Amino acid sequence: MTFNELSLIAPILQALETEGYKVPTPIQEKAIPIVLAQKDLLGCAQTGTGKTAAFAIPILQLLDAQHAEKAPKRIKVLILTPTRELAIQIGESFTAYGRNLKQRYAVIFGGVPQGAQVQALNRGIDILVATPGRLLDLMSQGYIHLNDIGIFVLDEADRMLDMGFIPDIERICKMVPFTRQTLFFSATMPPEIQRITDTFLHNPARIEIARQSTTAETITQYLVASSPHASEKRETLRRLMREAVD
Ligand code: AMP
């Protein structure tokens, strides 16, 4: 399958070409039509499968289509992610795929002063990428309102659970409008995640993608038997390294 066959608009196809993407990954093939059809989605997929583009690309396309009718520069899409690194990566994806479109986004996370983030919010944005703590903090200060959210994305739900964010997530879920489209992504589905999924998603389409674990073709793999003793393992490793250098 090609990106063309996914009914993507020209500005996005051009951006993907600039990125050097040739074909969609399996999760993109499955998720993009579901998101474009404005259905809820439960994606069981890990980082590395291309899941960020699987939600970012159709979100950009939906926003572009609504551009004329929706209030400009009010937050219409909220993406929650557990860590600052992931938040930054998601922001970079929106820059890349949205380079030929007009949507504006901001990324907010804790552990840094809030000034620059508040300035970005005040300039007006369409898409907000946030970690839960900083989002609730800036909401309580009145800098963020979620009344116009039409699409809500929860990324890495199981890591949110590990990091103790579930009560925050539940509070936030209850504050976004009920009639939104919701997309949840999680590498695993522990019972606690299943529970919030049942509560906050409406009849979701389900996608499950296993991590691709292929090795680069240029790498030859072989097995070397060694005794379990650490000193012997070290000696085996030294010998292999000597042989590789010689
Ligand atoms: P993610 O799973 O979203 O963290 O993405 C993993 C990596 O795959 C990122 O570096 C993306 O830039 C890259 N990527 C995503 N989709 C594609 C694609 N269709 N073709 C090539 N690279 C991609």
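All of these numbers come straight from a predicted model, not from anything done at the bench.

Caption draft 1: Up close: the packing of aromatic side chains. Tallied over the entire structure, the rule returns 3 aromatic pairs. Taking 6.4 Å as the distance between ring centres and 40 degrees as the angle between the ring planes, the aromatic pair formed by phenylalanine 94 and tyrosine 105 counts as tilted. Note that phenylalanine 94 is positioned in helix α4 (residues 84–97) and tyrosine 105 in strand β3 (residues 105–108), a separation of 11 residues in sequence.

Caption draft 2: The environment of phenylalanine 165, seen in detail. Locating phenylalanine 165 in the fold gives a position in the loop between α7 (157–162) and α8 (166–175). Sequence separation between phenylalanine 165 and proline 82 is 83 residues; the distance between their C-alpha atoms is 7.9 Å. Residues in contact with phenylalanine 165, not counting those within four places in the same chain, are Pro82, Pro132 and Met160.

Caption draft 3: Structural view of unusual backbone geometry. For serine 7, which is not a glycine, the phi torsion comes out positive at approximately 60 degrees. Assignment of secondary structure puts serine 7 in the segment before α1 (10–19). Take serine 7: its relative accessible area is 53%, and that puts it in the exposed class. Positive phi values are uncommon outside glycine, yet asparagine 203 reaches one of about 45 degrees. Checked against the element boundaries, asparagine 203 lands in the loop between α9 (191–200) and β7 (205–208). The exposure class assigned to asparagine 203 is exposed, which follows from its relative accessible area of 73%.

Caption draft 4: How the structure looks around the site of the ligand. Near the ligand, the surroundings consist of Phe3, Tyr21, Val23, Pro24, Thr25, Gln28, Thr47, Gly48, Thr49, Gly50, Lys51 and Thr52. Interatomic distance of 2.5 Å between a side-chain N/O atom of tyrosine 21 and an oxygen atom of the ligand. Threonine 52 places a polar side-chain atom, nitrogen or oxygen, 2.6 Å from an oxygen atom of the ligand. In the complex, 66% of the free accessible area of the ligand, which totals 500 Å², lies under the protein chains. Per-class residue counts for the shell around the ligand are 4 nonpolar, 7 polar and 1 charged.

Caption draft 5: Structural view of helix α3 (residues 51–66). With 16 residues, α3 ought to run about 22 Å at 1.5 Å a step, and its terminal C-alpha atoms sit 23 Å apart, in line with that. Of all 16 residues in α3, 13 are buried; the element is thus mostly enclosed.

Caption draft 6: Summary view of the nonpolar core. Judged by nonpolar contacts, the single largest core of 40 residues is most densely connected at Leu8, Phe55, Ile57, Ile59, Ile79, Phe94 and Leu183. Looking at this core, the elements with two or more residues in it are α1, α2 (26–36), α3, β2 (77–80), α4, β4 (127–130), β5 (151–154) and β6 (181–186). Of all the elements, α3 adds the most residues to this core, at 9 residues.

Caption draft 7: Main features of the sheet that holds β5. Here 7 strands make up an open sheet; going across it, the order is β3-β4-β2-β5-β6-β1-β7 and the pairing parallel. Two strands close off the open sheet at either side, each with one partner strand: β3 and β7. Here the average twist between neighbouring strands, direction ignored, is 10 degrees. Inspection of the sheet shows strand β1 (residues 41–44) paired to β7 by 4 bridges, in the parallel sense. Bridge pairing links leucine 42 to arginine 206 in β7.

About the cut-offs
Residues numbered from 1 in each chain as written. Predicted model: local features only at pLDDT ≥ 70, side-chain atom pairs only at ≥ 80, totals over all residues. Heavy atoms only, no water. Phe/Tyr/Trp six-rings, centres within 6.5 Å; stacked < 30°, edge-to-face > 60°. Helix = DSSP H or I, 4+ residues; strand = E, 2+ residues; numbered from the N terminus. Contact = heavy atoms within 4.5 Å. Buried < 20%, exposed > 50% of the residue type's maximum accessible area, 1.4 Å probe, protein only. Near = heavy atom within 4 Å. Polar contact = N/O pair within 3.5 Å; in protein donor to acceptor, adjacent residues only side chain to side chain. Areas by Shrake-Rupley, 256 points an atom, 1.4 Å probe, with all protein chains shown as cover. Nonpolar A, V, L, I, M, F, W, Y, C, P; charged D, E, K, R; others polar. Expected span 1.5 Å × (residues − 1). Core = buried A, V, L, I, M, F, W, Y, C linked by side-chain atoms within 4.5 Å. Pairing = 2+ DSSP bridges. Axes fitted to C-alpha atoms, helices over the stretch in contact; angles between N-to-C directions.

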